[in-house]
Amino acid sequence: NSGPLTSYACQILEIKGGAFSNCTSPITTAELPDGRYTFGVKGFDAVGIASGVAPYTWTIDTVAPTVTITEPPQFTNLTSINIRVDAKDNVNGSG
């Protein structure tokens, strides 16, 4: 055991070449464009021994999905209809 953590270093892999820099909590980033990001943090004890990196990955998606509805003719004699709804998004992944 190397003792309690006394400082932290953080990185966002996709920014500044993924370089670590000193940080404190909470962390506020500059405004990020749409995309997938991985944040990493590691802690240091009083003598400078580093922990492993704890990663967190997320996706920023500010573009709304598109939704279309295919419906039967406006006038029909059918008493039951099928309405098809299709949606498309520009981002892949899970949340």
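Structural notes, computed from the coordinates. (Residues numbered from 1 in each chain as written. Predicted model: local features only at pLDDT ≥ 70, side-chain atom pairs only at ≥ 80, totals over all residues. Heavy atoms only, no water.)

**Quick look at the overall build of the protein**
Assigned secondary structure in the protein consists of zero helices and six strands. Secondary structure of the protein in N-to-C order comes out as β-β-β-β-β-β. For 95 residues, the compact-globule estimate of 2.2 N^0.38 gives 12 Å, and the C-alpha radius of gyration of the protein, at 24 Å, exceeds that figure by more than 25%. Counting only C-alpha atoms and orienting by the principal axes, one finds that the protein spans roughly 80 × 25 × 20 Å. Counting over 95 residues, the protein shows a buried share of 17%. (Helix = DSSP H or I, 4+ residues; strand = E, 2+ residues; numbered from the N terminus. Rg over C-alpha atoms; globule rule 2.2 N^0.38 Å. Buried < 20%, exposed > 50% of the residue type's maximum accessible area, 1.4 Å probe, protein only.)

**A few points about the pattern of salt bridges**
Considering all chains together, one arrives at one salt bridge under this definition. Of the charged contacts, one joins Asp86 and Arg84 as a salt bridge, the two residues approaching to 3.0 Å between their closest N and O atoms. (Salt bridge = Lys/Arg side-chain N within 4 Å of Asp/Glu carboxyl O.)

**Section: the nonpolar core**
Ranked by size, the top nonpolar core spans seven residues in total: Cys10, Ile12, Cys23, Leu32, Tyr37, Phe39 and Ile60. When contributions to this core are tallied by element, the ones reaching two or more residues are strand E1 (5-12) and strand E3 (35-45). (Core = buried A, V, L, I, M, F, W, Y, C linked by side-chain atoms within 4.5 Å.)

**A short note on the environment of Ala54**
Along the chain, Ala54 turns up in strand E4 (residues 54-60). Sequence separation between Ala54 and Phe39 is 15 residues, and the spatial gap between their C-alpha atoms is 8.3 Å. Leaving out residues up to four positions away in the same chain, Ala54 has contacts with Phe39, Gly40 and Val41. (Contact = heavy atoms within 4.5 Å.)

**Details of the state of the cysteines**
Using the criterion set out here, one finds one disulfide in the structure. The residue that forms a disulfide with Cys10 is Cys23, at a sulfur-sulfur distance of 1.8 Å. Where Cys10 bonds to Cys23 through sulfur, the torsion about that S-S bond is close to 60°, and the disulfide is right-handed. Here Cys10 is found in strand E1, whereas its partner Cys23 is found in strand E2 (residues 21-23), with 13 residues between them in sequence. Residue Cys10 shares its accessibility class with Cys23, and that shared class is buried. (Disulfide = S-S within 2.5 Å.)

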